[in-house]
Amino acid sequence: MDRRSLIKHTGIAGVLAAGIAPAVHAQAAVRWRLATSFPKALETLHGCAVKFSDTVKALSSGKFEVSVHAAGELIPAFGIVDALADDSIEMGETAAYYYTGKDPSFAFGCAVPFGFTAQENQAWKLHGNGHKLMDELYGKYNFFGISALNTGTQMGGWYRKEMNKPDDFKGLKMRLGGGVFGESMAKLGVVAQNMPGGDVYQALEKGTLDAAEFVGPYDDEKMGWNKVAKYYYYGGWWEGGADLEFFINKKAFAKLSAENQAIVRAAADVAYNDGTSKYLYLNPTSLKRLVASGTQLKRFPKVVVEAGFKAAQEVYAEHSAKDPFFKKVFEDMRAFQRDQILWNRVSELVFTQDMASLKI
């Protein structure tokens, strides 16, 4: 597919409408490095960056190339923010909540307990104050963010025992995302372990972990965790829609021509649409395979969800009391979310419930 055709078929009319597309061949070649926080085996999460790279190359007729490096190849899985801050790379693809050790507000860039769905997140970032607020934080580290893909609502994780009540979480050694979620689970007694997904299998197998959560059926099946943990829970309140982002070095982006800047944004949109819809396509089949292989699928009891909500509210209150920026982002998120919930009650929630009750 040639460049003009790709632009047409991906709906990137703005690249041409801006009057900047015809000059590609006159520009000097550009080479960027993109580091991800994920292994190559995850063609969903890591593959999103590959899709971005391929699209940039196609839109620029090969004049702009982005080399993609899996976790550990160029920098450690969780080293992206530091690498951007010191100009070691031009961009990364990662989950913002991996960096809450630097600032707890990073969590809002990806997912927080009882937060947004994928659609709500995009609406907040693109049409609400989401991107503006997060880039206020990201700018301190020399980058800005563009959504790379959204996993959709995630699962509740893998456990070596049944989780019937809040007390079952006490002392549980669990791999989970950081930030507000990790702190909330700690209030339930969980001993949180924030480690790359690739390290989890052996930890579960050896018993140094009792539980782990990652994404959903397709990615989890790829990781093989069903072979070392029997129970698979759903109702993952901590990630209603985890938004992975491209973190882009501000200095490197400023050096690009107007056309190449537009190409970066257009390629990110292509990657987002491809990656987000891919999860909807892949997860149902993987879930059926997991259950057929002996995985015991269970829903968290309401008492567990309520305990999780109470714990999360306490964490939000604690951070808001001591961090004005955290409070500003949290209150903006909640205000936006209330309207979304109100609309959902008379739109998608009703439709989804109706469809679930019908035999099709």
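All figures in this text were calculated on a predicted structure; none of them were measured in a lab. (Residues numbered from 1 in each chain as written. Predicted model: local features only at pLDDT ≥ 70, side-chain atom pairs only at ≥ 80, totals over all residues. Heavy atoms only, no water.)

Student: Help me understand the packing of helix α12 (residues 302-322) against helix α13 (residues 324-345) in this model?
Tutor: Packed helices, taken two at a time, are described by the angle their axes make and the gap between the axes. Taken N-terminus to C-terminus, the directions of α12 and α13 make an angle of 135°; their axes are 6 Å apart at the nearest point. What the angle tells us is that α12 and α13 run oblique. The interaxial crossing formed by α12 with α13 has left-handed handedness. Residue-level contacts link F309, Q313, Y316, H319, S320 and K322 of α12 to P324, F326, K327, F330 and R334 of α13. Grouping the constituent residues of the contact of α12 with α13 by class yields 5 nonpolar, 3 polar and 3 charged. (Axes fitted to C-alpha atoms, helices over the stretch in contact; angles between N-to-C directions. Helix = DSSP H or I, 4+ residues; strand = E, 2+ residues; numbered from the N terminus. Parallel < 35°, antiparallel > 145°, perpendicular 65-115°, else oblique. Left-handed = near helix turned anticlockwise from the far one by under 90°. Contact = heavy atoms within 4.5 Å. Nonpolar A, V, L, I, M, F, W, Y, C, P; charged D, E, K, R; others polar.)

Student: Please explain the side chain of K125 as it appears in this structure.
Tutor: As for its placement among the helices and strands, K125 is situated in helix α5 (residues 118-127). A polar atom in the side chain of K125 sits 3.2 Å from the side chain of E245. For K125, the contacting residues outside a window of four places in its chain are G109, G130, H131, S147, D243 and E245. (Polar contact = N/O pair within 3.5 Å; in protein donor to acceptor, adjacent residues only side chain to side chain.)

Student: Just to check I follow, could you spell out the sheet that holds strand β4 (residues 143-150) for this structure?
Tutor: For sheets, the rule is that strands pair by backbone hydrogen bonds, running either parallel or antiparallel. Pairing is mixed in the open sheet, where 5 strands are placed in the order β2-β1-β3-β10-β4. Two strands lie at the open edges of the sheet, namely β2 (64-69) and β4, each paired on one side alone. Sheet twist, expressed as the average angle between the axes of neighbouring strands with direction ignored, equals 25°. Judged from the 6 bridges that link them, strand β1 (residues 30-36) and β2 form a sheet pairing that is parallel. The residue of β2 that forms the bridge with R33 is S67. (Pairing = 2+ DSSP bridges.)

Student: What should I look at first to understand the packing of helix α6 (residues 130-138) against α13 in this one?
Tutor: It is the contact of α6 with α13, at a shortest axis distance of 10 Å, that shows an interaxial angle of 160°. One finds that α6 runs roughly antiparallel with respect to α13. α6 and α13 meet at a crossing whose hand is left-handed. Listed contacts from α13 to L133, M134, E136 and L137 of α6 are F325, K328, V329 and D332. Classifying every residue of the contact of α6 with α13 gives 5 nonpolar, no polar and 3 charged.

Student: Got a minute to help me understand the sheet that holds strand β11 (residues 296-299) in this structure?
Tutor: Judged by pairing direction, the sheet is mixed, and its 6 strands sit side by side in the order β7-β6-β8-β5-β9-β11 without closing on themselves. In the strand order of this sheet, the two ends are held by β7 (191-193) and β11, each with one partner.

Student: Honestly, the packing of aromatic side chains in this entry has me stumped. Any pointers?
Tutor: Aromatic rings considered in pairs are described by the distance between their centres and by the relative angle of their planes. In the structure shown here, the tally under the stated rule is 31 aromatic pairs. Arranged with centres 4.3 Å apart and planes meeting at 25°, the rings of F143 and F247 form a pair that is stacked. Placement of F143 in strand β4 and of F247 in strand β10 (residues 243-249) is noted, with a sequence separation of 104 residues between them. The pair formed by F143 and F247 is uniform in burial state, with each residue classed as buried. Ring centres of W237 and W238 lie 4.6 Å apart, and the angle between their planes is 75°; on these two criteria the pair is classed as edge-to-face. (Phe/Tyr/Trp six-rings, centres within 6.5 Å; stacked < 30°, edge-to-face > 60°. Buried < 20%, exposed > 50% of the residue type's maximum accessible area, 1.4 Å probe, protein only.)

Student: Honestly, the environment of L172 in this entry has me stumped. Any pointers?
Tutor: Mapped onto the fold, L172 is located in the loop between β5 (157-159) and β6 (173-175). For the pair L172 and L244, spaced 72 residues apart in the sequence, the C-alpha separation amounts to 27 Å. Leave out the neighbours within four places in its chain, and L172 touches Y159, K161, M163, G189, V190, V191, D210 and A211.

Student: How do you make sense of the pattern of salt bridges when you look at a structure like this?
Tutor: Opposite charge on two side chains allows them to pair when their charged atoms are near. Under the counting rule described, the total for this entry stands at 19 salt bridges. Here E136 and K328 are joined by a salt bridge, their closest N and O atoms 3.3 Å apart. Of the two residues, E136 sits in helix α6 while K328 sits in helix α13, which places them 192 residues apart along the sequence. Taking relative accessible area as the criterion, E136 reaches 40% and is therefore assigned partly exposed. Across the pair D167 and K170 runs a salt bridge whose closest N-O atoms are separated by 3.3 Å. Owing to a relative accessible area of 46%, D167 belongs among the partly exposed residues under this scheme. A relative accessible area of 55% means that K170 is categorised as exposed. (Salt bridge = Lys/Arg side-chain N within 4 Å of Asp/Glu carboxyl O.)

Student: Explanation requested: the pairing of β4 in the structure shown.
Tutor: Look at any regular strand and the pattern is simple: side chains alternate between the two faces of the sheet. Here β4 lies mainly inside the structure; 8 of its 8 residues are buried. Examined bridge by bridge, β4 and β10 share 7 bridges and lie antiparallel to one another. When the sheet's bridge partners are listed, G145 is paired in β10 with F247.

Student: Looking at this structure, I do not really get the confidence of the model for the protein. What am I missing?
Tutor: Parts of the prediction with low pLDDT should not have their coordinates interpreted in detail. Across the protein, pLDDT averages 93, with 92% of residues at or above 70. Note on residues 3-8: pLDDT is under 50 here. Beyond four places in sequence and across chains, it has 15 contacts. (pLDDT = per-residue confidence, 0-100.)

Student: Can you help me understand the nonpolar core in this one?
Tutor: One broad trend across soluble globular proteins is that nonpolar side chains are buried collectively. W32, F52, F108, Y159, F169, M185 and F246 are the most contacted members of the largest nonpolar core, which has 104 residues in total. In terms of residues, this core owes the most to one element, helix α11 (residues 258-292), which gives 8 residues. (Core = buried A, V, L, I, M, F, W, Y, C linked by side-chain atoms within 4.5 Å.)

Student: Explanation requested: the environment of R289 in the structure shown.
Tutor: Note that R289 resides in helix α11. Placed 27 residues apart in sequence, R289 and A262 show a C-alpha to C-alpha distance of 41 Å.

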